[in-house]
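Listed below are the residues making up each chain.
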Amino acid sequence: MTSTMVAVGLTLAAAGFAGRYAMQAMKHMEPQVKQALEASKSAFGNGYYRGGFDPKMNRREASLILGISPTANKIKIREAHRKLMILNHPDRGGSPYLAAKINEAKDLFDGQSKK
């Protein structure tokens, strides 16, 4: 019984020291973590396309809206359109303007693939 209590006490002490060491190590690593986060933000462009919509939609803009390659096939276009419309449909609280742009992008691809 005494040996069990000693083992439990030593385990708790070791856990305490390990936690203290981890907290001190995190304080020293904080500048590197912040720098890595800043680098990742600039590398990925914050996930958003900077700039507005063109007056007349072109294939490049349509592919950026749908998140597909400009040479994507009909199946990829349909899947991307469906996924975006489920997320942005006006009947489910989405923006009518964005839904119109998503539909316009799909229509541009459909119109060019029929030619």
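Predicted, not measured: the structure shown is a model, and the values here were computed from it. (Residues numbered from 1 in each chain as written. Predicted model: local features only at pLDDT ≥ 70, side-chain atom pairs only at ≥ 80, totals over all residues. Heavy atoms only, no water.)

Quick look at the overall build of the chain now. Counting its regular elements, the chain contains four helices and zero strands. Reading the chain from its N end, one meets helices and strands in the order α-α-α-α. Residue burial in the chain is summarised as follows: out of 115 residues, 18% are buried. Excluding contacts between residues fewer than 6 apart, the proportion of contacts in the chain whose partners are at least 24 apart in sequence is 48%. Element-wise, carbon and sulfur atoms account for 62% of the exposed surface of the chain, whose accessible area totals about 9300 Å². (Helix = DSSP H or I, 4+ residues; strand = E, 2+ residues; numbered from the N terminus. Buried < 20%, exposed > 50% of the residue type's maximum accessible area, 1.4 Å probe, protein only. Contact = heavy atoms within 4.5 Å. Areas by Shrake-Rupley, 256 points an atom, 1.4 Å probe, with all protein chains shown as cover.)

It is worth spelling out the UniProt feature "signal peptide" (unreviewed entry) in the chain at this point. The UniProt feature table records "signal peptide" (unreviewed entry) at residues 1-18. Each end of residues 1-18 is marked by a C-alpha atom, and these two atoms are 26 Å apart; helix forms 94% of the span and strand 0%. (UniProt positions renumbered as here; feature names shortened; annotations may be inferred.)

Quick look at the confidence of the model for the chain now. In this model, the chain carries an average pLDDT of 83, and 86% of its residues clear a pLDDT of 70 or more. Taken element by element, the predicted model of the chain shows its lowest mean pLDDT in helix 1 (residues 2-44) (80) and its highest in helix 3 (residues 74-88) (92). (pLDDT = per-residue confidence, 0-100.)

Attention now moves to the side chain of S63. Checked against the element boundaries, S63 lands in helix 2 (residues 59-66). Polar contacts involving the side chain of S63 include one to the main-chain carbonyl oxygen of R60, which spans 2.7 Å. Excluding its chain neighbours within four sequence positions, the residues that come into contact with S63 are I68, S69, P70 and F109. (Polar contact = N/O pair within 3.5 Å; in protein donor to acceptor, adjacent residues only side chain to side chain.)

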